[in-house]
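Okay, here's what each chain looks like letter by letter:
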Amino acid sequence: MADLSAQLQHQVIAARTDRRPLTIVGGNTKAFMGRSPVEEHTRLDLSGHTGILTYHPVELVLTARAGTRLTELEAALAEQNQMLSFEPPRFGPEATIGGTLACNQSGPGRPWWSSIRDQVLGIRMINGRGEHLHFGGQVMKNVAGYDVSRLQAGAMGTLGVMTEVSLKVLPKPAASRTLKLAVSADEAIGIMNRRALESRPLTAACWYQGHLYLRLSGALSAVEATLARWEGEVDDAGDAFWQQLRDQQLSLFDGEAPLWRFSVSPSAPLADLEGEWVLDWGGAQRWYRGEADKARMEAIAAAAGGQVSLYRGGDRQQEVMHALPPALQQLQLRLKEAFDPDHLFNPGRVYSWM
Amino acid sequence: MTQQNTAGREALRQTLAARFRTFIEPEYVISDDETLRPYECDGLSMYCEMPLLVVLPGTVEQAQQVLKLCHQQSIPVVARGAGTGLCAGAMPHAEGVVLSMARFDRILEIDAPSRSARVQPGVRNLAISEAAAEQGLYYGPDPSSQIACTIGGNVAENSGGVHCLKYGLTVHNLLSIELLTVEGDRLTLGSQGLDACGMDLMALMTGSEGLLGIVTEVRVKLLPKPEVAQVVMAGFDSVQAAGDAVGRIIAEGIIPGGLEMMDSHAIVAAEAFAQAGYPVDAQALLLCEVDGTEEEVHEHIDAVETLFRHLGATSVRTSHSEEERARLWKGRKSAFPAVGRISPDYYCMDGTIPRGQLAHVLTEMQKMSDEYGLRVANVFHAGDGNLHPLILFDANTPGEFEKTEAFGGRILELCVEVGGCITGEHGVGIEKIRQMPVQFNDQEVAQFHRIKDAFDPQGTLNPGKGIPTLRQCQEYRSLNPRLEPNSPVAAQAHSHQEAGHG
Ligand SMILES: Cc1cc2nc3c(=O)[nH]c(=O)nc-3n(C[C@H](O)[C@H](O)[C@H](O)COP(=O)(O)OP(=O)(O)OC[C@H]3O[C@@H](n4cnc5c(N)ncnc54)[C@H](O)[C@@H]3O)c2cc1C
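Scoring rules and cut-offs
Counting restarts for each chain, with residues numbered from 1 along the sequence as it is written. To read the labels, note that chains go from A and ligands from 1, taken in the order they are written. The model is predicted, so local features are restricted to residues of pLDDT at least 70 and side-chain atom pairs to those at 80 or more, both for listing and for counting; the totals for chains, interfaces and linings are taken over all residues. Processing note: side-chain calculations cover all non-hydrogen atoms of the structure and skip hydrogens and water entirely. UniProt positions are given in the numbering used here, feature names are shortened, and annotations may be inferred rather than shown by experiment. A contact between two residues is defined here by any heavy atoms of the two lying within 4.5 Å. The quantity reported as buried area is the accessible area (1.4 Å probe) lost by two parts once they are put together, taken as the sum for both. A pairing counts as a salt bridge when a side-chain nitrogen of Lys or Arg comes within 4 Å of a carboxyl oxygen of Asp or Glu. Distance and chemistry together define a polar contact, namely a pair of N or O atoms within 3.5 Å, with one atom able to donate a hydrogen and the other to accept it when in protein, and with adjacent residues in sequence counting only for side-chain atoms on both sides. Working definition: helices are DSSP H or I runs of at least four residues, strands are E runs of at least two. Numbering for both runs from the N terminus. Axis definition: a line fitted to C-alpha atoms, over the contacting stretch in the case of helices. Angles run 0 to 180 degrees between N-to-C directions. Left-handed describes a crossing in which the near helix is turned anticlockwise from the far one by less than a right angle; the clockwise case is right-handed. Asp, Glu, Lys and Arg are counted as charged, while Ala, Val, Leu, Ile, Met, Phe, Trp, Tyr, Cys and Pro are counted as nonpolar; the rest, among them Gly, fall into the polar class. Residues are labelled near a given molecule or strand when at least one of their non-hydrogen atoms is within 4 Å of it. In short, Shrake-Rupley with a 1.4 Å probe defines the accessible areas, and a residue's cover is counted only from the protein chains shown.

As recorded in an unreviewed UniProt entry, chain B goes by the name FAD-binding protein, listed as coming from Marinobacterium alkalitolerans. The record in UniProt for chain B states the following under Cofactor (unreviewed entry): "FAD".

Going by what an unreviewed UniProt entry lists, chain A is known as Glycolate oxidase subunit GlcE and is assigned to Marinobacterium alkalitolerans.

See the structure below:
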C-alpha cells in the first residue's frame, strides 16, 4: 500500500517539459493488447501505486488506487461475500484495476452483471498538463459534469493516467450452477437468445467446441427450479470452465494464430468463416482464431451490427481496432488533445494516429 | 433591452424563420410570442426565458440543416424533448433557437431476439415499455415522469428511476446513439454489441445535457419482464432505524428491484393524496420491492419481512396482488404532486449521499429548515443514496423563493461534504451551476470546458448550462468563504488527500 501520486504527477510534468512520451504500465499483463508502436517510450509504472482506500460493503462501493491488483480487491470483497460483478479477466496475477478499466475488460457475466465501464463511479487521473483531477464520485448516482470516468473505458490510457478508481460492487450470488448441452454453434445462438428472454437467473452463456454452457446464479431455490425446467446436464466443472473462458485458458486460445474479437448483436447469425469460434456473452462477444484480412473482418462485424478488433497476435504495427469514419476520428483526436495536448500518453496504442 | 435591440432581434427572428420555412413546413417554425410562450421553461418553471424561435423538424435532414444554418451564424441551439427536466436544462436562450425533437416520436424497431429497441429521440420513455410488452420485454429506467419525458431527454440527463439500483441508469441501458454535431455531422456511437472500440464516447454523451450534440436516434436494451414482483412496506419510528434496515438488506446479499424511503412529512402528504394505506404516525417508511423468479421473490420477501420485524419496524405489510402492489407504490409515485397539495409551491433538490450518512444529513437539514423557517419533506431513492428534499414555500411571498434557493444550495453543499454529489439524476442545467464549484475545482472545470470545445468550439449548443465559467466559480467562492479556491469541500472531506491536488 503506497501513495505514489505525487511522484507520478512529477513524472508527467517532467515528461511534458521534455516532450517525452510515456507508456503507462500497471501489472503489464495486457501489453499484447492494442498496437505495439515501433518506438520505445519511458515507462510510467503504476504497479507500486496500490491500496484499497475505502470499502463500505453496505454502500456497495469500493475505492482503490489504480495499481491495486485484482487479486487484492477480490480477497477483500470475498471477506464480505461480495465481488467485482464484471468478472475481470486476468492474464496474470499482476493484473490491476486501472488496466482493467483502461482496456474495458469484463468477463462472461457481462451481459447480466454489467461491465467495468458500467460499474465505475469515479476516478482520479493525471491529465497531459500534469493536473491531478477528480471526476465522478463514490456514490451510485452522479450526473454533475461530463462522465469522464466511463470515457476512460477502452481509451487504454491515451487520455491520462488513472490513479484512483471507485466502483460499485455486488453481493455474491447464494448459488451458482452450470448446465451443459451438446448443440451446434447456430443452434446455440438461437438457444442463448431465447433463454435470455426468460425471467430466469441466467448469468453467463457460452458456446465452445460443440457445447453450450449456461450459468445460473442467484437464490438457490430459483437456480434449482430453473435447472429442473431447462434442458442440459449439470456440469460440475462449470466454475472452472467460466474461469478458463474468462482468462483465455481454453485450448482455442493457445498458440500463435491471430485472435479476433467480435462485439456484435447477440442474435446475429454466425459468420461464414472457416475456423474455430467461441461464442461468449450470450452471443454478443465472439472469438475467432485465424489469419484473415482486417477489412473483410470489419465487413463481417458490420453486417452483424458491431465491430471487430485484432485482440492478440497478428501484425500489431498496423491498425488493430475497427476503422472509424472520418468525423468520429477527428472528434476522438480533438478529445485526445483536450486531455493530452502534447500527445504524451501511450501514443499510437489504440490507433496509429492517436 | 433598448428599442433598437428589440427591433434588431425581431428582424433576425423573421429572417431566420423565413430561412427555416424554406425547408420545414411553415407551421413547424414558431415565431410569434403567443405560441412561443409554452416553451419558455422546462419543469423548473422558476427559470424562464423567451427564445428567438422554436423549430420542430420532422426529419434528421431538416434538423441537420437547422444546425448548419445556426452554426454558420453562431446562433445558440437548445434541444428540447418533453420539457419535463428539473434543472432548467431545456430553458431557451434569448438569442437562440429551440430545437424541439417532439416530432421524432416513432418506435422504429422492437427486436425481441436481441432484446433491443431502436427509437427516435422524441419517443416517450413509457411508450417503449408499452410497445415491448407484447414480447414480454420492457425498458429498465423508469423516471417518475415516464409518461411524458422522452428518451432523448433521458439520454441527455442520464435519467434514473426507482429501479436503478438493480437495473441501472440510462447509461447502462443504451446500445448505441446517433447524433448530430453542432456542425450538422451525423455520428453513430456504440453498436448493437455491448461495447465499441476505443474511448467510450457514448458514455460521455449520456448526461451531457444537450451541450455536446443532438441525439437523433437511440438503441436501448430491453429486459425480460420479471415473473413476479412483490413489495414490502414497513414503517419505522426513526429515520436512523429505517436507514439501518436498508443497509442490512444489502448486507444480506439482496438487491431489491426498488428501495425507497419517505420521511414523516412525505408520508402524511402522500397518504392524504393517494390513500395508499401508509402508517401516518411513522417517522420513516420503506418500500422494498423484490422482483425476479417466483422462487427467488418468495425467498427474498420472507427474508426482508423478517429483517424489518427484527429491526423494530412498527408496521410491515406485503403486497399479495398486483393491485395491492400498485396501491403501495402509488403513494410514493405521487409524492411530488402530493407535496404540491400541502404547500403553494415546492422546490425539489436532487443530491446523492453515501447511504450511511442519511441520518446525519436529515438532522442537519432539519436544523437548516428551522433556521430558514421553511418546511422540508424528503423522498429518498434509498437503495442508491439519491435524496430528493422537497422544500415547501410560497412564491407569492416576496423573497421566499430566494430563501428557498439559498436553503437548497446549502443542502447540496452538505451532500458534497459527506462524500456525495450535487445531482444524482436531474442534472445541473442552469439551476445547479452555482454549486458546481463545490464539487469541482477550477482545473476540473477547465477540463470540462476543453471537452466541450472538442465538440462545440463556438459554444453554441445549450450555452450557459451544465458547466460554470471559471468566473462564476470564483464569484461563488468569494461569496462562500468556507471554500478555498481550487479546493472543493469534496477534497477536504476526502480522507486521503494527496500532495499536489489543486
Ligand atoms: C414530476 C416529475 C418527476 C420526475 N422524476 C424523475 C425521476 O424519477 N428520475 C429522473 O431522472 N428524472 C425525473 N424527472 C426529470 C425529467 O423528467 C428528466 O430529466 C427527463 O429525462 C427529461 O426528459 P425531457 O424529454 O422532458 O427533456 P427536456 O426537459 O426537454 O430536456 C432535458 C435536457 O435534455 C436536452 N435534450 C432533450 N432532448 C435532446 C436531444 N434529442 N438531444 C440532445 N439533448 C436533448 C435538453 O437540452 C435539456 O438539457 C422528473 C420530472 C418531473 C416533472
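Continuing now.
Trainee: Before we move on, can you summarise the interface of chain A and chain B with the specific residues and values?
Mentor: Contacts between the two partners involve 85 residues from chain A and, on the opposite side, 88 residues from chain B. For the chain A and chain B pair, buried surface summed over both sides reaches about 7200 Å², with 57% attributable to carbon and sulfur atoms. In terms of surface lost to chain B, no three residues of chain A exceed K141, V143 and Y146 of chain A, which account for 14% of the buried area on that side. Taken together, the connections running from chain A to chain B amount to six salt bridges. Residue D195 of chain B pairs with R261 of chain A through a salt bridge whose shortest N-O separation is 2.8 Å. Inspection of the region where chain A meets chain B yields 31 residue pairs in polar contact (both at pLDDT 80 or more). Per-element accounting of the side of chain A that touches chain B gives the leading share, nine residues, to helix 11 (residues 326–339) of chain A.

Trainee: Talk me through the packing of helix 8 (residues 239–251) of chain B against helix 10 (residues 294–310) of chain B; I want residue IDs and the actual numbers.
Mentor: Residue and element names in this part refer to chain B. As a packed pair, helix 8 and helix 10 sit with axes 10 Å apart at the nearest point and diverge in direction by 145°. For the pair helix 8 and helix 10, the sense of crossing is right-handed. In this structure, helix 8 uses A245, R248 and I249 to contact helix 10, whose residues at the interface are V304, L307 and F308. Taken together, the residues of the contact of helix 8 with helix 10 break down into five nonpolar, no polar and one charged.

Trainee: I'd like a description of the site of the ligand, backed by residues and values.
Mentor: Residues and elements named next belong to chain B. In the vicinity of the ligand, 32 residues are found, and the nearest of them are A79, G81, T84, S145 and T150. Within the side chain of S145, one N or O atom sits 2.6 Å away from an oxygen atom of the ligand. Residue S159 places a side-chain N or O atom 2.7 Å away from an oxygen atom belonging to the ligand. Burial of the ligand by the protein amounts to 93% of the accessible area it has alone, namely 980 Å². Of all elements in the fold, only strand 3 (77–80), helix 5 (151–157) and strand 10 (214–221) reach the threshold of two or more residues within the shell around the ligand. Examining the composition of the shell around the ligand, we find that five residues originate from one element, helix 5, more than from any other. Along the lines of polarity and charge, the residues of the shell around the ligand split into eleven nonpolar, 17 polar and four charged.

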